[in-house]
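Here is how the chains run, residue by residue.
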Amino acid sequence: MNRVPASPLAQPGDECVSDRAGCPHVILHPNRDQELQQVLAWLHSSPAERLMTNAVVEAVEYVLDGARTFRFDLHSREVDSDERRTVGVKLQYRILEAFGLPKERPLDTQILGIPVELKATVGKNWSIPREGQCEICLLNQVDARGDRFRVFLMRTHRRWLNEGKNQDSKRTIRADARDTYAVAVLDWTPLPRNPLKDLTSQQLDVVFQPRAGIKRRVTALFGFLPEVVIPRVAIETVAAMAKDPLRRARQAKTDIYREHGLVVLMGTWNPEREIAAKHGFDLSDESWVALKRETLGEDFAAALRTMMRTGTSGAINP
């Protein structure tokens, strides 16, 4: 079957007409598009990398709902394609909240009084609705497998969209148009990796053993991942469906020390957070880490004492 060659890419200076309106307009190069440049400058004036990273993490965690589902990987068999697509919808609202933007017509929001459409995908392209044609779009692409994301700003002219459309009359962006005329707000930016994704299948079987108690599962988790910062969300996932899961997890610290010789430090406590930071471990956002005696060095005794004061059960002999 012969493939029909794509039409030549429309260039700045060419005319364009959107599907929703019959009024032709001239395509401008992004560098000469004053509205696009104003929105771009506004984004660059904000802590965009931090705000976008937090928004993506929150959207993915919302969909996974690990504290109730035991799920931690967006591409696992337990997450269906419809759920993955909802990340894009959730991300739009997380971006509005993160940047303090209103939900405002005629598109998704307005920046400096300029209408902006927000589109996000966990795939390779974005579906642009009729109302978003020839308008400024903030395009987020999440690569959950690679633990990264990127953001473009683009005026999605109709002539820069593919001819095929779905049942909602949405069209995707031509790859050559994206590569030529989309302006990068953030190039590929790393997302914090959930360390549960680094466990082998055999280790996961142990950590998520249904008949094992939470103490046993958490003890196994830190034994498999010594000196790896474990975010709160990972601990809540291992202890999913439990009442007060963090209290139950804290009770495992004695067992972790006895079985693996590891001292557990928690970001919720200033002394423990400071000791961890001294040895190069960032426990912000209430993360945990289990450190070896030789890593702690002269801080070992102090770390053990503070661990004993913060939720262990049972005595420990150093």
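Computed from a prediction, not measured in an experiment: that's the story for all the values here. (Residues numbered from 1 in each chain as written. Predicted model: local features only at pLDDT ≥ 70, side-chain atom pairs only at ≥ 80, totals over all residues. Heavy atoms only, no water.)

Peer 1: An account of the side chain of Gln133 is needed here, citing residue identities and associated values.
Peer 2: Mapped onto the elements of the fold, Gln133 is located in the loop between strand S5 (127-128) and strand S6 (136-143). Those residues in contact with Gln133 that sit more than four places away from it in its chain are Ser18, Asp19, Arg20, Ile128, Thr156, Arg158, Leu161 and Arg171. (Helix = DSSP H or I, 4+ residues; strand = E, 2+ residues; numbered from the N terminus. Contact = heavy atoms within 4.5 Å.)

Peer 1: Let's hear about the sheet that holds strand S7 (residues 148-155): which residues, and what values?
Peer 2: Reading across the sheet, the 5 strands line up as S3-S4-S6-S7-S10 and stay open at both edges, with mixed pairing between neighbours. Only two strands of the sheet have a single partner each, and these edge strands are strand S3 (109-111) and strand S10 (183-190). With direction set aside, neighbouring strand axes in the sheet form an average angle of 25°. Lying over the sheet, helix H2 (residues 48-64) contacts S6, S7 and S10, oriented at roughly 60° with respect to S10. Contacting S3, strand S4 (114-121) and S6, helix H4 (residues 81-99) runs over the sheet at an angle of about 140° to S4. (Pairing = 2+ DSSP bridges. Axes fitted to C-alpha atoms, helices over the stretch in contact; angles between N-to-C directions.)

Peer 1: Describe the nonpolar core, listing the residues and the values that go with them.
Peer 2: Of all hydrophobic cores here, the largest spans 39 residues; its most connected members are Leu221, Phe222, Val263 and Leu265. Core analysis: the second largest hydrophobic core is formed by 38 residues, Met52, Val56, Val116 and Leu153 among them. (Core = buried A, V, L, I, M, F, W, Y, C linked by side-chain atoms within 4.5 Å. Buried < 20%, exposed > 50% of the residue type's maximum accessible area, 1.4 Å probe, protein only.)

Peer 1: I'd like to hear about empty space enclosed by the protein, residue by residue, with values.
Peer 2: Overall, the coordinates contain 1 cavity of 30 Å³ or more when judged by the stated rule. A class-by-class count of the residues in the lining of the largest cavity yields 6 nonpolar, no polar and 2 charged. (1 Å grid on protein atoms, 1.4 Å probe; cavity = no way out; pocket = protein on both sides within 12 Å on 5 of 7 lines; lining within 4 Å. Points joined across faces, edges and corners; volume = space filled by probe spheres on them. Nonpolar A, V, L, I, M, F, W, Y, C, P; charged D, E, K, R; others polar.)

Peer 1: Any chance you could break down the pattern of salt bridges for me, citing the residues and the numbers?
Peer 2: Here the structure, examined in full by the defined rule, presents 25 salt bridges. A salt bridge links Glu286 to Arg232, with the nearest nitrogen and oxygen atoms 2.2 Å apart. With Glu286 in the loop between helix H11 (270-278) and strand S12 (288-292) and Arg232 in helix H8 (residues 232-238), this residue pair connects regions lying 54 residues apart in the sequence. Residue class for Glu286 comes out partly exposed when judged on its relative accessible area of 32%. Assessed through its relative accessible area of 31%, Arg232 is described here as partly exposed. (Salt bridge = Lys/Arg side-chain N within 4 Å of Asp/Glu carboxyl O.)

Peer 1: Provide a residue-level description of the confidence of the model for the protein chain, including the pertinent values.
Peer 2: Counting all residues, the mean pLDDT for the protein chain is 92, and 95% of those residues have values of 70 or more. Throughout residues 1-5 the model reports pLDDT below 50, and contacts reaching past four residues in sequence, or to other chains, amount to 0 contacts. (pLDDT = per-residue confidence, 0-100.)

Peer 1: Could you give an account of unusual backbone geometry, with specific residues and numbers?
Peer 2: Following Arg105, the chain continues to Pro106 via a peptide bond in cis, the omega torsion being 20°. Note that Pro106 resides in the loop between H4 and S3. Residues other than glycine seldom take positive phi values, yet Asp147 does so here, at roughly 50°. Mapping Asp147 onto the fold places it in the loop between S6 and S7. Look at Asp244: it is not a glycine, yet its phi comes out positive at around 50°.

Peer 1: Could you give an account of helix H10 (residues 253-260), naming the residues involved and the relevant values?
Peer 2: Inspection of H10 places Lys253, Thr254, Asp255, Ile256 and Tyr257 among the buried residues, and these make up the whole buried set. Residues of H10 that are buried in the fold lie against helix H7 (214-224), helix H9 (245-250), strand S11 (262-266), H11, helix H12 (293-296) and helix H13 (300-309). Residue Gly261 follows H10 closely and has a positive phi angle near 65°.

Peer 1: Explain the packing of H7 against H10 to me, and be specific about the residues and the numbers.
Peer 2: Running from N to C, H7 and H10 cross one another at 50°; their axes reach a closest spacing of 9 Å. Classified by the interaxial angle, the pair formed by H7 and H10 is oblique. Two packed elements cross with a definite hand, and for H7 against H10 that hand is right-handed. On the side of H7, the interface is formed by Lys215, Arg216, Val218, Thr219, Phe222 and Gly223, while H10 contributes Asp255, Ile256, Glu259 and His260. Taken together, the residues that form the contact of H7 with H10 break down as 3 nonpolar, 3 polar and 4 charged. (Parallel < 35°, antiparallel > 145°, perpendicular 65-115°, else oblique. Left-handed = near helix turned anticlockwise from the far one by under 90°.)

Peer 1: Hey, could you go over the pairing of S4 for me, with residue numbers and the actual values?
Peer 2: Judged by how many residues are buried, S4 sits mostly within the fold: 7 of 8 residues are covered. Where S3 lies against S4, 3 bridges are found, and the strand directions are antiparallel. Note on S4: the bridge partner recorded for Gln110 is Pro115. In sequence, S3 turns back onto S4 through a hairpin of 2 residues, with Leu112 there showing a positive phi of about 55°. Judged from the 6 bridges that link them, S4 and S6 form a sheet pairing that is parallel. Paired with Glu117 across the strands is Cys137, a residue of S6.

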